[in-house]
Amino acid sequence: QPHLVQSGGGSAQPGESLRLSCAISGGLLDYSAIGWFRQVSGKESEGVSCMSTKDDSKWYSDSVKGRFTISRDNVKSVVYLQMNSLKPEDTGVYYCAAVSPFGAQAMCAMGPESPFFKSWGQGTQVTVST
């Protein structure tokens, strides 16, 4: 299984920004899509943003559209989630993940139990409060 290591996150006030990073061992071309999921207490992980490793296809949940940006660095094999204009509802544990063979929208629609997930990061807490 590939190894995904997350960094970033932490605490922020509403309106501030945070950036998450996920380093993926072995390179991005081993996977078809990469993305970010978040889990709120008592709920299943939901897809926040996913993108293809092969083209420019991206998908964002309605709750973060216009505020979050997903990107990747093919040389460093790192995926980022830039989170701007943070809201308290963004609070949760964020996980990066990699799948094959499906693309961006399909990845973010998958439940976390899907066998097409090849690896998960360790998760990092994001807390947005006054």
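For the structure itself, consult the block above.
Parameters and conventions
- Residues numbered from 1 in each chain as written.
- Predicted model: local features only at pLDDT ≥ 70, side-chain atom pairs only at ≥ 80, totals over all residues.
- Heavy atoms only, no water.
- Phe/Tyr/Trp six-rings, centres within 6.5 Å; stacked < 30°, edge-to-face > 60°.
- Helix = DSSP H or I, 4+ residues; strand = E, 2+ residues; numbered from the N terminus.
- Buried < 20%, exposed > 50% of the residue type's maximum accessible area, 1.4 Å probe, protein only.
- Lys NZ or Arg CZ within 6 Å of the ring centre and 35° of its normal.
- Pairing = 2+ DSSP bridges.
- Axes fitted to C-alpha atoms, helices over the stretch in contact; angles between N-to-C directions.
- Disulfide = S-S within 2.5 Å.

Caption draft 1: How the structure looks around the packing of aromatic side chains. Tallying each qualifying case throughout the model produces five aromatic pairs. A ring pair is formed by F37 and F117, whose centres lie 5.4 Å apart and whose planes are at 75 degrees; its orientation type is edge-to-face. With F37 in strand β4 (residues 33–39) and F117 in strand β10 (residues 117–120), the pair connects residues that are 80 residues apart, well separated along the chain. When the ring of F37 is compared with that of W120, the centres are 5.4 Å apart and the planes differ by 65 degrees; the resulting orientation is edge-to-face. Note that F37 is positioned in strand β4 and W120 in strand β10, a separation of 83 residues in sequence. Exposure remark for F37: the relative accessible area of 1% places this residue in the buried category. The structure contains a cluster of three or more aromatic residues connected by ring pairs, namely F37, Y95, F117 and W120. One residue, R19, lies across the ring of Y80, its end atom 4.0 Å from the ring centre.

Caption draft 2: Main features of the environment of G27. As for its placement among the helices and strands, G27 is situated in the loop between β3 (18–24) and β4. Accessibility expressed as a relative area gives 14% for G27, which makes it buried. Between the alpha carbons of G27 and V78 there is a distance of 8.6 Å; along the sequence they are 51 residues apart.

Caption draft 3: Region of interest: the pairing of β4. Among the seven residues that make up β4, six are buried, leaving the element largely enclosed by the rest of the structure. Here β4 runs beside strand β5 (residues 46–52); their pairing, made up of six bridges, is antiparallel. Its bridge partner being in β5, R38 is matched across the sheet by E46. Once β4 ends, the chain turns through six residues before running back antiparallel as β5, passing G42 with a positive phi of about 85 degrees. Where β4 meets strand β9 (residues 92–99), seven bridges bridge the pair, whose relative direction is antiparallel. Bridging from a neighbouring strand, F37 pairs with Y95 of β9.

Caption draft 4: Looking closely at the sheet that holds strand β8 (residues 78–83). Spatially, β1-β3-β8-β7 is the arrangement adopted by the four strands of the open sheet, whose pairing is antiparallel. Edge strands, defined here as strands with exactly one partner in the open sheet, are β1 (4–8) and β7 (68–73). Between one strand and the next, the sheet's axes are offset by a mean angle of 15 degrees, whatever the strand orientation. Where β7 lies against β8, six bridges are found, and the strand directions are antiparallel.

Caption draft 5: Region of interest: the state of the cysteines. Using the criterion set out here, one finds two disulfides in the structure. Residue pairing for C22: its cysteine sulfur links by disulfide to C96, the two sulfurs lying 2.1 Å apart. When the S-S torsion is 60 degrees, as for the bridge of C22 with C96, the disulfide is right-handed. With C22 in strand β3 and C96 in strand β9, the pair connects residues that are 74 residues apart, well separated along the chain. Across the pair, C96 and C22 agree in class, each one buried. One disulfide in the model links C50 with C108; its S-S distance is 2.2 Å. As the torsion about the S-S bond is roughly 95 degrees, the C50-C108 disulfide counts as right-handed. Of this pair, C50 sits in strand β5 while C108 sits in helix α1 (residues 104–109); the two residues are 58 residues apart in sequence, bridging distant segments of the chain. Here C50 matches C108 in class, with each residue buried. Taken N- to C-terminal, the disulfide-bonded cysteines of the chain are connected 1-3, 2-4.

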